[in-house]
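# Examining the three-dimensional arrangement
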Amino acid sequence: MNKPEFLSYQDLLGQEAVAVPAALKIDTRPEVANQIIATDVWTDPALFEREVDRLWTKVWQMACRETALSKPGDYYVYDIARYSVLLVRTDKGELKGFHNSCLHRGRALKSGKGSSRELRCPYHGFCWHLDGRFKEAYCDWEFDEADLAELSLPEVQVTTWGGWIMVNLDLEAPAFKDYSSVLSEHFTRWAPERRYVSLHVEKKIRCNWKIAMEAFIESYHAIQTHPQILSFTGGDNSQYDTFGEHLSRTITAQGIPNPGQADRFSVQESVEAMTGPGGFELALTLTGLTADEITSRQAIGAVRRAEFADFMDSDQLATVTDAETMDSILYLVFPNFAPWGGFQSQITYRYRPDGMNPDRCIMDIYLLDGYPSDQPRPPDAKTIRLDYDQKYAEAEELGMLGALFDQDANNLPEVQKGLMASKTRKVLTASYQELRIRHFHETLARYLQAED
Ligand code: FES
Ligand SMILES: [Fe+2]
């Protein structure tokens, strides 16, 4: 079937009044073979076990915000499948990560987060310095002195990116900057490290972790699943990119109706769906343009820039494209960390298996917001935890996003159910709009097939 003609994302960037950053101008037009994906990858417990052994032990993962460990002695426990990593800020201010397992008889050394002068096991009291060197044990005559002195806590790799702490259980793994391709280059301008967490919702969902992740790497589902956003979301204009094996992104234009439904909506409707009532008039005042001249993206951009003046200076504001005020610029760092670019609230997602259960996952949604550079960083929001049967709408702080995420969350357990019930044992993916799904599964297959 022939694709109808409509503006591409790059065509929309051609309408910008200021220079478009290189990161947005790249259109990689990836070729990802249209392979069939077998349903086992989401349903087979043996493949889940293989992920535990060969994926989670090898990949870079976001553990928490750097602000969770601001002072010496601060610690934070990051759990993934059967693994647990104890992150610590040492006396020298260094970040370290240890396998969270006592070298005496194995108790987890810490849980949750807090502050501590040393790492003392709550069971028999074996104790380590913050940098992982062995400190002391009760009745030490019971043990070989030389062995005890060498009893340092095994480490994991730790680095930071964008204000996030990233960990890798594999001490031989390539550095995060090499693993993550152009990620840093693209985000220099959007500087997530200069933002604070204005909202963090962690929800349990009854599906394999990949089913949740996949619902956020394509915009194709919006027409059916999120009909209320069609007036301001050009899903069919989306651009899909891949950068090496560990990085991909979707950019979905906002502020315009979806091409297939465009005749249903006026410019004012598209604008006010994003700005709220009165936004269109406000945009005319801010830009000096008439209602006939202004485009919906110009109007929203003007209103958003006026809001951004709270945390950006005028020189910087003058360089901000309309795209960066509103579009969904959503990256995925393989396998499960998804930060948004741009200057609006930067939504960031993470998806983890819930312990060792292949059919259950935990999805994190963070919102990162800016604050004036001459003021102290606001404290990060406390985590809101939602259980399997709770709705996103119960987290009132999500506002309109709550209903949107509930639409996604309603699909996910049903996708799990349908994949398990599948007679054909395989799925189809759209050639362009779902290419990131295939890109992800190609990389996953490489990890699962790798020899030890
Ligand atoms: S298990 Fe940790 S001190 Fe015994
Ligand atoms: Fe969605």
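These figures come from a predicted structure and were not determined experimentally. (Residues numbered from 1 in each chain as written. Chains lettered and ligands numbered in written order. Predicted model: local features only at pLDDT ≥ 70, side-chain atom pairs only at ≥ 80, totals over all residues.)

Looking only at helices and strands, one finds 16 helices and 20 strands in the protein. Each principal axis of the C-alpha atoms in the protein carries an extent, and together these give about 85 × 60 × 40 Å. Classification of the 452 residues of the protein by burial places 40% in the buried group. The long-range share in the protein, meaning contacts at least 24 apart out of those at least 6 apart in sequence, stands at 61%. (Helix = DSSP H or I, 4+ residues; strand = E, 2+ residues; numbered from the N terminus. Buried ≥ 20, exposed ≤ 12 C-beta atoms within 10 Å, placed from the backbone. Contact = placed C-beta atoms within 7 Å.)

For the rest of this paragraph, the subject is the sheet that holds strand β10 (residues 155-161). Strand order in the open sheet formed by seven strands is β2-β11-β10-β5-β4-β3-β6, and the pairing between neighbours is antiparallel. One side of each edge strand has no neighbouring strand; the edge strands of this open sheet are β2 (61-65) and β6 (113-115). The sheet shows a mean angle of 30° between the axes of neighbouring strands, taken without regard to direction. Judged from the five bridges that link them, β10 and strand β11 (residues 164-168) form a sheet pairing that is antiparallel. Looking at the pairing, T160 lines up with I165 of β11. (Pairing = 2+ DSSP bridges. Axes fitted to C-alpha atoms, helices over the stretch in contact; angles between N-to-C directions.)

Our next topic: helix α12 (residues 296-308). Helix length check: α12, at 13 residues, gives a terminal C-alpha distance of 18 Å against a target of 18 Å (1.5 Å per residue), a fit within 8%. Of all 13 residues that make up α12, 10 are buried, and the element is covered over most of its length. Here α12 has its buried residues at S296, R297, Q298, A299, I300, G301, A302, V303, R304 and R305. In this structure, the buried side of α12 is in contact with α10 (267-275), α11 (279-287), α13 (314-317) and α14 (322-326). (Expected span 1.5 Å × (residues − 1).)

Bringing the sheet that holds strand β8 (residues 127-128) into the picture now. Read across the open sheet, the three strands follow the order β7-β8-β9; overall the sheet is antiparallel. This sheet does not close on itself; its edge strands, each paired only once, are β7 (119-120) and β9 (134-136). Relative to β9, β8 runs antiparallel, the two sharing two bridges. Paired with W128 across the bridge in β9 is F134.

This brings us to the nonpolar core. Within the largest apolar cluster, 88 residues are counted, with the highest numbers of intra-cluster contacts made by A63, L87, I165, M166 and A212. Per-element accounting of this core gives the leading share, seven residues, to strand β18 (residues 357-369). A domain split of this core shows at least three residues from each of domain 1 (9-40 + 192-266 + 315-449) and domain 2 (61-172). Ignoring any residue separated from it by four or fewer positions in sequence, one finds L87 in contact with A63, L69, Y75, Y76, Y78, L95, G97, V158 and I165. Listed in part, the 15 residues of the second largest apolar core include L230, I294, A302 and M326. (Core = buried A, V, L, I, M, F, W, Y, C linked by C-beta atoms within 7 Å. Domains from an automatic or database assignment.)

Quick look at the packing of α10 against α12 now. Direction vectors running N to C along α10 and α12 enclose 30°, while the axes themselves pass 9 Å from each other. It follows that α10 is roughly parallel to α12 by the angle criterion. α10 and α12 meet at a crossing whose hand is right-handed. Counted together, V267, S270, V271, M274 and T275 of α10 and S296, A299, I300 and V303 of α12 form the full contact between these two elements. For the contact of α10 with α12, the class distribution of residues is six nonpolar, three polar and no charged. (Parallel < 35°, antiparallel > 145°, perpendicular 65-115°, else oblique. Left-handed = near helix turned anticlockwise from the far one by under 90°. Nonpolar A, V, L, I, M, F, W, Y, C, P; charged D, E, K, R; others polar.)

Before going further, it helps to examine the packing of α10 against α11. Following both chains from N to C, one finds α10 and α11 inclined at 100°, their axes separated by 8 Å at the closest point. Between α10 and α11, the angle is such that the two are roughly perpendicular. From α10, Q268, V271, E272 and T275 reach across to α11, where they touch G279, F280 and A283. Considering only residue class, the contact of α10 with α11 consists of three nonpolar, three polar and one charged.

Considered domain by domain, the protein is made up of domain 1 (9-40 + 192-266 + 315-449) and domain 2 (61-172). A straight line from the C-alpha centre of domain 1 to that of domain 2 covers 33 Å. Across the contact, 12 residues belong to domain 1 and nine residues belong to domain 2. Elements with a minimum of two residues in the side of domain 1 that touches domain 2: β16 (337-339) and β17 (346-354). Among the elements that make up the side of domain 1 that touches domain 2, the one with the highest residue count is β17 (three residues). Its residues placed into classes, the side of domain 1 that touches domain 2 shows six nonpolar, one polar and five charged.

Looking now at the pairing of β10. Where strand β5 (residues 95-99) and β10 come together, two bridges link them in antiparallel fashion. Opposite F98, over in β10, you have E155 as the bridge partner.

Looking at the secondary structure, you find S248 in strand β14 (residues 247-254). Spatially, the C-alpha atoms of S248 and F440 are 8.5 Å apart, while their sequence positions differ by 192 residues.

Attention now goes to the environment of S181. Mapped onto the fold, S181 is located in the loop between α6 (176-179) and α7 (183-187). Each C-alpha atom of the pair S181 and Y83 lies 26 Å from the other, and the pair is 98 residues apart in sequence.

Along the chain, F334 connects to P335 via a cis peptide bond; the corresponding omega equals 0°. With respect to the helices and strands, the residue P335 is situated in the loop between β15 (328-333) and β16. A positive phi angle, near 50°, is found at A81, a position not held by glycine. Along the polypeptide, A81 turns up in the loop between β3 (74-80) and β4 (83-89). Within the chain, C139 stands out as a residue other than glycine whose phi angle is a positive 50°. With respect to the helices and strands, the residue C139 is situated in the loop between β9 and α5 (145-149). Given 8 C-beta atoms within 10 Å, C139 falls into the exposed group.

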